[in-house]
Amino acid sequence: MAGVDAKGSADLSMGSIDRYMARLIAVPLFSTLIIAAMLLVLDRMLRLFDFVATEGGPVAVVWKMLANLLPEYLGLGIPIGLVLGILLAFRKLASQSELDVLRGVGMSYGRLLRVPYIYTIALAALNLAIVGYVQPKARYAYEELRFELRSGALGASIKVGEFTNFGDAMTLRIEESRDSGADLSGIFVHFRSKDGSWYAATAEKGQFLRTDDPNTIIFRLTRGALVHNSPGFVQPRVLTFTSHDLPIPLPEFGQFRARGDRNLERTLPELVVLGKDPRVTEEIRDTSRAAFHFRVVEVATMFLLPLLALALGIPPKRSSSALGVFLSIVMLVTYHKVNEYGEAVGGLGRIDPILALWGPFAIFAGLVIWMYYQTAYVPGGQPIAALERWVGKIASAIARRLPGRRRMA
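Residues numbered from 1 in each chain as written. Predicted model: local features only at pLDDT ≥ 70, side-chain atom pairs only at ≥ 80, totals over all residues. Heavy atoms only, no water.

You'll find the protein chain entered in an unreviewed UniProt entry as Lipopolysaccharide export system permease protein, with Sphingomonas yantingensis given as the organism. Recorded in UniProt under Subcellular location (unreviewed entry), the annotation for the protein chain is "Cell membrane". (UniProt positions renumbered as here; feature names shortened; annotations may be inferred.)

(A) Structural detail: the environment of L66. By secondary structure assignment, the location of L66 is in helix α2 (residues 60-95). Overall, the relative accessible area of 6% leaves L66 in the buried class. Along the backbone, L66 and M45 are 21 residues apart, and their C-alpha atoms lie at a distance of 7.1 Å. In this view, L66 contacts V41, R44, M45 and L48; residues no more than four positions away in its chain are not counted. (Helix = DSSP H or I, 4+ residues; strand = E, 2+ residues; numbered from the N terminus. Buried < 20%, exposed > 50% of the residue type's maximum accessible area, 1.4 Å probe, protein only. Contact = heavy atoms within 4.5 Å.)

(B) Seen up close, the packing of aromatic side chains. Within the structure shown, the criterion is met by 5 aromatic pairs. Relative to F364, the ring of Y335 has its centre 4.4 Å away and its plane inclined at 15°; by these criteria the two rings are stacked. Highlighted residues: Y335 in helix α9 (residues 323-347) and F364 in helix α10 (residues 353-377), separated in sequence by 29 residues. For Y335, a relative accessible area of 7% gives the class buried. By way of ring pairs, the aromatic residues Y372, Y373 and Y377 are connected into one cluster. When the ring centre of F233 is taken as origin, the NZ or CZ atom of R237, which lies over that ring, is 4.1 Å away. (Phe/Tyr/Trp six-rings, centres within 6.5 Å; stacked < 30°, edge-to-face > 60°. Lys NZ or Arg CZ within 6 Å of the ring centre and 35° of its normal.)

(C) Examining the UniProt feature "transmembrane region" (unreviewed entry) in the protein chain more closely. Mapped onto this structure's residue numbering, the UniProt feature "transmembrane region" (unreviewed entry) falls at residues 20-42, 73-94, 114-134, 292-313 and 355-373. Its end C-alpha atoms 32 Å apart, residues 73-94 is made of 100% helix and 0% strand. Secondary structure across residues 355-373 divides into 100% helix and 0% strand, with the first and last C-alpha atoms of the span separated by 26 Å.

(D) Highlighting the pattern of salt bridges. Counted by the stated rule, this structure contains 10 salt bridges. Here D18 and R111 are joined by a salt bridge, their closest N and O atoms 2.9 Å apart. Linking D18 in helix α1 (residues 2-55) with R111 in helix α4 (residues 109-112), this pair joins segments that are 93 residues apart in sequence. A residue is classified by how much of its surface remains accessible, and D18, at 17% relative accessible area, is buried. Salt bridges here are not isolated pairs; linked through shared partners, they connect E72, R139, E143 and R262. (Salt bridge = Lys/Arg side-chain N within 4 Å of Asp/Glu carboxyl O.)

(E) Fine view of the confidence of the model for the protein chain. Scored by pLDDT, the protein chain comes out at a mean of 80, with 80% of its residues at no less than 70. For the stretch residues 1-10, pLDDT sits under 50, and the model shows 0 contacts to residues farther than four places along the chain or on other chains. (pLDDT = per-residue confidence, 0-100.)

(F) Region of interest: a nonpolar patch on the surface. On the surface, I34, M38 and L42 cluster together into a nonpolar patch covering about 300 Å² of accessible area. Along the chain, the position of L42 falls in helix α1. (Patch = residues over 30% accessible without salt bridge, like charges linked within 9 Å, V, L, I, M, F, W, Y side chains within 5 Å. Areas by Shrake-Rupley, 256 points an atom, 1.4 Å probe, with all protein chains shown as cover.)

(G) Quick peek at the side chain of E265. Structurally, the position occupied by E265 is in the loop between β6 (237-249) and α6 (268-276). When near neighbours in sequence (up to four residues on either side) are disregarded, E265 contacts P136, R139, Y140, E143, R257, R259, G260 and E270.

(H) How the structure looks around unusual backbone geometry. For S97, which is not a glycine, the phi torsion comes out positive at approximately 65°. Here S97 falls in the partly exposed class, since its relative accessible area comes to 40%. Unlike most non-glycine residues, R223 shows phi in positive territory, near 55°. Along the polypeptide, R223 turns up in strand β5 (residues 216-229). Residue classification places R223 among the partly exposed residues on the basis of a relative accessible area of 42%.

(I) Fine view of the side chain of D286. Along the chain, D286 falls in helix α7 (residues 282-301). Despite its burial, D286 pairs with no opposite charge, the nearest such side chain being R289 at 4.4 Å. Setting aside anything within four residues of it in sequence, one finds D286 in contact with G346, G347, G349 and P353. (Lys, Arg positive; Asp, Glu negative; His and termini not counted.)

Okay, here's the thing in structure tokens:
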């Protein structure tokens with residue numbers, strides 16, 4: 001019974017440690033994801049508001065466009081959030097000497113990585129679903145919204161005091177607008193039909209009304225004058241009115257292209273099919289294969305991140321430097337840019353996409369595994385210790401040369 005109790009107590013202790021690790025990782029992980037998403041969204045939001053305002057579209061479409069861009073941001077935000085969450089968890093354990101206690105009672109680094117790898121597997125599956133299926137369709141929806149804005153299919157907002165064109169046939173100017181466009185005043189309308197006739201009208205008040213025909217709206221004018229001219233008229237007709245309804249045919253809008261015109265809009269299975277299809281051009285096959293391997297490599301890299309986070313998250317003894325945090329972000333972003341370059345080169349057909357993308361992955365994996373081995377199995381091994389010493393020397397040299405610093409005799 002004593003042996004059973006000891007085993008049960010050990011299992012309970014391990015479960016408590018795992019839950020503690022899970023909490024340590026969760027806070028910085030999800031905080032990083034939220035902050036990164038907010039920063040990227042705010043940066044794009046300003047440009048989208050300017051674009052939508054320029055095209056005269058409704059403001060609500062901005063939120064739809066941002067929602068369709070969010071999967072693209074998460075493709076890079078999830079790996080960064082994962083590495084920072086694990087790194088900061090191990091950094092806290094090391095700085096508070098909790099890591100020494102855990103190591104002293106026999107817990108290996110491999111055992112401590114169990115919870116980080118649970119997070120990694122779950123987030124890698126999520127990221128694969130995002131970059132493989134969600135992001136291509138969201139990107140297509142984003143491009144479709146841009147097309148509809150430029151073509152006017154979403155409806156143009158009427159700018160008060162300016163001439164607004166509805167297609168090529170109608171020009172409208174409104175001096176004042178109240179009640180969200182329900183009450184318009186100071187109206188000028190000019191319309192030209194295909195048979196060469198035209199009319200121009202001015203009115204004190206105006207209101208748009210729907211009809212049973214989805215391709216036509218009624219513009220009801222109140223207290224105004226109208227000039228109508230046609231090739232069959234000897235001279236233009238002029239009339240005044242108390243109330244007059246102008247039928248306005250809505251312009252026809254072209255259909256947006258089908259999804260799959262770009263690799264960004266193709267899912268992983270679609271990229272595989274195109275990469276092997278002999279009926280398409282060699283350029284399409286190369287770019288499709290490069291895009292496929294790029295996405296798969298980005299997801300596969302996530303399984304190296306717990307090892308990298310552990311190696312960079314444990315600072316040398318008596319050191320409080322945050323160099324590991326900075327270095328992890330630099331390494332991850334740099335490797336991401338190398339992969340983008342490999343995708344571009346592989347898509348040009350200059351080098352096989354497998355070699356262009358899995359070659360850098362093998363080098364990155366070798367570096368990460370070496371750093372983890374130095375930390376976990378070499379006594380006193382600290383991959384960033386030498387780098388911290390160099391950074392410290394450079395910082396001291398710069399500080400000594402700062403103006404106003406008193407030199408020692």
